[in-house]
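# Working through the structure, step by step
Take a look at the letters that make up each chain.
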Amino acid sequence: MFYYVLKYVLLGPLLRLLFRPRAEGLEHIPAKGAAIVAGNHLSFADPLLMPAVLKRRITFLAKAEYFTAPGLTGRLTALVLRGAGQISVDRSGRAAGQAALRQGLGVLAKGELLAIYPEGTRSPDGRLYKGKVGVAVTALAAQVPVIPCAMVGTFEIWPPGRFLPRLRPVTIRFGQPLDFSRFAGMAHHKTVLRAVTDEITYAVLRLSGQEYVDQYAADVKAGQAKRRRG
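Definitions and cut-offs
Residues numbered from 1 in each chain as written. Predicted model: local features only at pLDDT ≥ 70, side-chain atom pairs only at ≥ 80, totals over all residues. Heavy atoms only, no water. Helix = DSSP H or I, 4+ residues; strand = E, 2+ residues; numbered from the N terminus. Buried < 20%, exposed > 50% of the residue type's maximum accessible area, 1.4 Å probe, protein only. Contact = heavy atoms within 4.5 Å. Pairing = 2+ DSSP bridges.

This paragraph deals with unusual backbone geometry. Positive phi outside glycine occurs at R20, with the angle close to 45°. Within the element layout of this structure, R20 appears in the loop between helix 2 (12-19) and strand 1 (22-24). Phi at Q143 is positive, roughly 55°, even though this residue is not glycine. Mapped onto the secondary structure, Q143 falls in the loop between helix 7 (134-142) and strand 7 (146-152). Judged by its relative accessible area of 66%, Q143 falls in the exposed class.

Attention now moves to the environment of G131. Counting through the fold element by element, G131 comes out in the loop between strand 6 (128-129) and helix 7. Among the residues examined, G131 registers a relative accessible area of 1% and is labelled buried. Dropping the residues within four chain positions of it, G131 is found in contact with P118, E119, R194, T197, T201 and Y216.

With that settled, consider the pairing of strand 8 (residues 171-174). As judged from the three bridges shared by strand 1 and strand 8, these two strands associate in the parallel manner. Residue pairing in the sheet places A23 in a bridge with I172 of strand 8. Pairing between strand 7 and strand 8: four bridges, direction antiparallel. Bridge assignment links V152 to a residue of strand 8, and that residue is T171.

This is the structure:
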């Protein structure tokens, strides 16, 4: 219930007024039934603006740090995420990741939409980074289509490190659903998981027009942090 209060009363109208998000390809979102929406992740604004343009409810796999951030902003963020039923993803190890995967599969089993960011974290510089195979594992296990999504302009309005966003229009593009039924029963093959993930990433790349980097964004961020400490 709180999800729809946020979407239609408290937060959604404000977001649409401030950022005037333009949606393209909404016809690719199924009117009913389970599907994964896999997109690029440029900004904290992404999981706020995408639901604002969709008629259906969508559940995000959100990193656990969003639920535990300090300060007033952190507490408000946690309140919104919990109230909207978003799933906290503990990235501390494989067991924690598998628990989040099970929760995501539960969302799909109910015939709902699940949003996943294959990069696993926000882009540090606006480019598109190599996807992690969790999106492929989920898609093959649930046997659902994957809809690529590109957020365009959200890095410019709210890049990492900026306290408040700039008020500029953004575009959200949805592509044609990707069908991976040909890989049914092959979710344990690493080569298949890599191929599926790369196909999803390429579809997002075509929609977003970003520059691609064949590295994991988390590794790049870790390297940057290490250089700053040094």
